[in-house]
Amino acid sequence: MPDAKPEVSIVVPVYRSEHILPELVQQVAAAMHQAGMNGRFELILVNDASPDNSWGAIRDVADKLVFVKGICLARNVGQHNATMAGLNEAAGQIVVIMDDDMQHPPQTIMSLVAAVQSGYDVCYTKYVGRRHPLWKRLGSWFNDRVATFLLGKPRGLYLSSYKALCRRVVQEMIRYDGPYPYLDGLILDATQSITSVPINHRPRYGGKGNYGLRRSISLWLKMATSFSIVPLRIASLAGLTLAAVSAAMMVAVVVKKLLHPETPAGWASMVTIVLFMGGMQLLCLGIIGEYLGRAYLKLNRKPQFAVRERTGHASAVKPTDPPGQ
């Protein structure tokens, strides 16, 4: 087991990938060998309490290959939290984050590493020939516009899940102790030195994607309410606007009644106004509730993740638990 710290750490959150992992590990090993990185990298596989035998597959490869670390989480916490578990374990000066479905070609890892070595803090990837379904591409387009507005994301930057980070940015990210991390929000808070490289987006090696509509909406809410107060400001502005409109309508109704006493009361318009105002109030209360709920969970120190087991050379020394655990 090597004592020297690796130069590059590769973090992969794993869920329902029992049959994909052997091929993924093989291709990562071949790509790093071709780049002359033998003995200078580590591969951290984080099992997000997958219901299949993904943890068994991780233990098998960790027993055979010294560069593999395996982390098994005690409960399913989602892709971003599982990635944070891997970042807390990563020791490399450059950390690459990639998916477990083989849509991110391991042969391009060193392209991302080279971009960070050239002086950038973060390197994202820009997909060529995206293999995602139409609804997911439309969702990404919407998320891109919202992230530009809420998080100050540079225009034209695609927030892909395949990226490389320098050590300083990783250290800033793992300082976050909230229970609902949003990786790209943490990155954008830590640096503006960001670039991207194009890669070919490959078809999924097997199975089907784990991000349905419900999880995508949950991730969007995490971005909107965990790393920006803009929704609260929008709610406040909407309240002020509606109050001004209501006052103007009230004056108009009183004036009209004084000038034309014979005008009958408008039941339909009244019901419409009441329903509209009630809907806006409930929407604003819901936004406030999201913030209060996340603050309550953070005050109660809800952990980002809990590690049940480790394997490979990660199991030799247990690092300090992350904040909130």
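The numbering scheme is per chain: residues are counted from 1 as the chain's sequence reads. Two thresholds apply to this predicted model, a pLDDT of at least 70 for residue-level local features and 80 or more for giving and counting side-chain atom pairs, whereas whole-chain, interface and lining totals are computed over all residues. Side-chain descriptors were evaluated using all non-hydrogen atoms of the structure, hydrogens and water having been removed beforehand.

A tally of helices and strands in the chain yields 10 helices and eight strands. Here the chain holds 325 residues, and the buried ones make up 44% of them. Working rule for contacts: check all heavy atoms of both residues, and any pair within 4.5 Å makes them a contact. Taking the intrachain contacts of the chain between residues at least 6 apart in sequence as the baseline, contacts between residues at least 24 apart amount to 83%. Residue-level accessible areas treat just the shown protein chains as cover; the underlying method is Shrake-Rupley with a 1.4 Å probe. Taken as a whole, the chain presents about 17000 Å² of accessible surface, with 61% of it coming from carbon and sulfur. Numbering of helices and strands runs from the N terminus; a helix is a DSSP stretch of H or I covering at least four residues, while a strand is a stretch of E covering at least two. Here the term buried applies to any residue with accessible area under 20% of the maximum for its type, exposed to any over 50%, and partly exposed to those in between, with areas from a 1.4 Å probe on protein chains only.

What follows is about the environment of E23. Mapped onto the secondary structure, E23 falls in helix α1 (residues 21-34). Residue E23 is classed as partly exposed on the basis of its relative accessible area, which comes to 21%. Expressed as a C-alpha distance, the spacing of E23 and M102, which sit 79 residues apart in the sequence, is 8.5 Å.

The next point concerns the confidence of the model for the chain. Per-residue confidence for the chain gives a mean pLDDT of 82, with 79% of residues at or over 70. In this model residues 314-325 is a low-confidence stretch, pLDDT under 50, and it forms 17 contacts with partners more than four residues away in sequence or in other chains. For every residue, the predictor assigns a confidence score, pLDDT, that lies between 0 and 100.

With that settled, the discussion passes to the side chain of K163. Its location among the elements puts K163 in strand β6 (residues 163-166). A relative accessible area of 3% means that K163 is categorised as buried. For this analysis, a polar contact is any N or O atom pair within 3.5 Å, provided that within protein one partner can donate a hydrogen and the other can accept it, and provided that sequence-adjacent residues contribute only side-chain to side-chain pairs. Among the polar contacts listed, one links the side chain of K163 to the side chain of D184, at a separation of 3.4 Å. Here K163 is in contact with V95, V96, I97, L112, C123, Y124, D184 and I187, once residues within four sequence places are set aside.

This brings us to α1. For α1, which comprises 14 residues, the first-to-last C-alpha distance of 20 Å matches the rise-based estimate of 20 Å (1.5 Å per residue) to within 8%. Among the structural elements, β1 (8-14), β2 (41-47), α2 (54-64), β3 (68-73) and α4 (109-117) are those in contact with the buried residues of α1. G36 lies just past α1 and shows a positive phi near 75°. Expected helix span is computed as 1.5 Å times (number of residues minus one).

Moving on: unusual backbone geometry. For A49, which is not a glycine, the phi torsion comes out positive at approximately 50°. Residue placement: A49 occurs in the loop between β2 and α2.

For the rest of this paragraph, the subject is the packing of helix α6 (residues 167-174) against helix α7 (residues 183-190). In contact at an axis separation of 9 Å, α6 and α7 are set at 120° when each is read in the N-to-C sense. Comparing the axis directions of α6 and α7 gives the class oblique. Crossing angle aside, the handedness with which α6 passes α7 is right-handed. Taken together, the residues of α7 that come into contact with α6 (itself represented by R168, V169, E172 and M173) are L183, L186, I187 and A190. Only Asp, Glu, Lys and Arg are considered charged, only Ala, Val, Leu, Ile, Met, Phe, Trp, Tyr, Cys and Pro nonpolar, and every remaining residue, Gly among them, polar. Taken together, the residues that form the contact of α6 with α7 break down as six nonpolar, no polar and two charged. Angles here are taken between N-to-C directions and fall from 0 to 180 degrees, while the axes themselves are lines fitted to C-alpha atoms, restricted in helices to the stretch in contact. Oblique is the label for any angle not under 35 degrees, not over 145, and not in the 65 to 115 range, which are roughly parallel, roughly antiparallel and roughly perpendicular in turn. What makes a crossing left-handed is the near helix being turned counterclockwise from the far one by less than a right angle; a clockwise turn instead makes it right-handed.

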